[in-house]
Amino acid sequence: MLTCVIRYQIDPTKRDAFCKYARNWGEAIPRNGADLIGYFAPHEGSTTLAYGIYNVSSLAAYEAYRARLAADPLGRENYEFAQSERFILREDRTFLTLASTPGGITT
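Residues numbered from 1 in each chain as written. Predicted model: local features only at pLDDT ≥ 70, side-chain atom pairs only at ≥ 80, totals over all residues. Heavy atoms only, no water.

Draft legend 1. Up close: the packing of helix H1 (residues 15-31) against helix H3 (residues 73-85). Between H1 and H3, whose axes approach to 9 Å, the crossing angle comes to 155°. For the element pair H1 / H3, the angle class is roughly antiparallel. For the crossing formed where H1 meets H3, the hand is left-handed. Touching Ala17, Lys20, Tyr21, Asn24, Trp25, Glu27, Ala28 and Arg31 of H1 are Leu74, Gly75, Asn78, Tyr79, Phe81 and Ala82, all from H3. Residues that form the contact of H1 with H3 fall into these classes: 8 nonpolar, 3 polar and 3 charged. (Axes fitted to C-alpha atoms, helices over the stretch in contact; angles between N-to-C directions. Helix = DSSP H or I, 4+ residues; strand = E, 2+ residues; numbered from the N terminus. Parallel < 35°, antiparallel > 145°, perpendicular 65-115°, else oblique. Left-handed = near helix turned anticlockwise from the far one by under 90°. Contact = heavy atoms within 4.5 Å. Nonpolar A, V, L, I, M, F, W, Y, C, P; charged D, E, K, R; others polar.)

Okay, here's the thing in structure tokens:
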């Protein structure tokens, strides 16, 4: 299992637009095959950092999921929404594996 953590730098004046974007992914991501943990908007401290977190079984499953998401009507609409509203200033993806449980990462 891989956990994808998307770190967003957002325009703090467009937090509401990011929240709409997050709600849309809340529908589209599970429908297209990833296990959504959630999208998180700034609350206290930094006003520009937000996160999206979900699980996929492998990198191959991730690639298939991304293709389905790009073909999904709400997925396409949400990509276009982000482009037109320009509330995302930067986006970074990191893939992590759970190391804190028995059977996690072995060396």
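Draft legend 2. Just the pairing of strand S3 (residues 49-56), in detail. Burial within S3 is extensive, with 6 of its 8 residues counted as buried. Across 8 bridges, strand S1 (residues 2-10) lies against S3 in antiparallel orientation. Counterpart to leucine 2 in the pairing with S3 is valine 56. In this structure, strand S2 (residues 35-40) lies alongside S3, joined through 5 bridges in antiparallel fashion. Paired with leucine 36 across the two strands is tyrosine 54, which belongs to S3. (Buried < 20%, exposed > 50% of the residue type's maximum accessible area, 1.4 Å probe, protein only. Pairing = 2+ DSSP bridges.)

Draft legend 3. Fine view of the packing of aromatic side chains. A full pass over the atoms with the stated rule returns 14 aromatic pairs. Seen from their ring centres, phenylalanine 18 and phenylalanine 87 are 6.5 Å apart, and the 80° between their planes marks the pair as edge-to-face. Of the two residues, phenylalanine 18 is situated in helix H1 and phenylalanine 87 in the loop between H3 and strand S4 (88-96); the sequence distance between them amounts to 69 residues. The class for phenylalanine 18 is buried, based on a relative accessible area of 1%. Judged by its relative accessible area of 0%, phenylalanine 87 falls in the buried class. Between tyrosine 21 and tryptophan 25, the ring centres sit 5.6 Å apart and the planes meet at 75°, which makes this aromatic pair edge-to-face. Of the two residues, tyrosine 21 and tryptophan 25 both sit in helix H1, 4 residues apart, roughly one turn of that helix. Pair check on accessibility: tyrosine 21 and tryptophan 25 agree, each one buried. (Phe/Tyr/Trp six-rings, centres within 6.5 Å; stacked < 30°, edge-to-face > 60°.)

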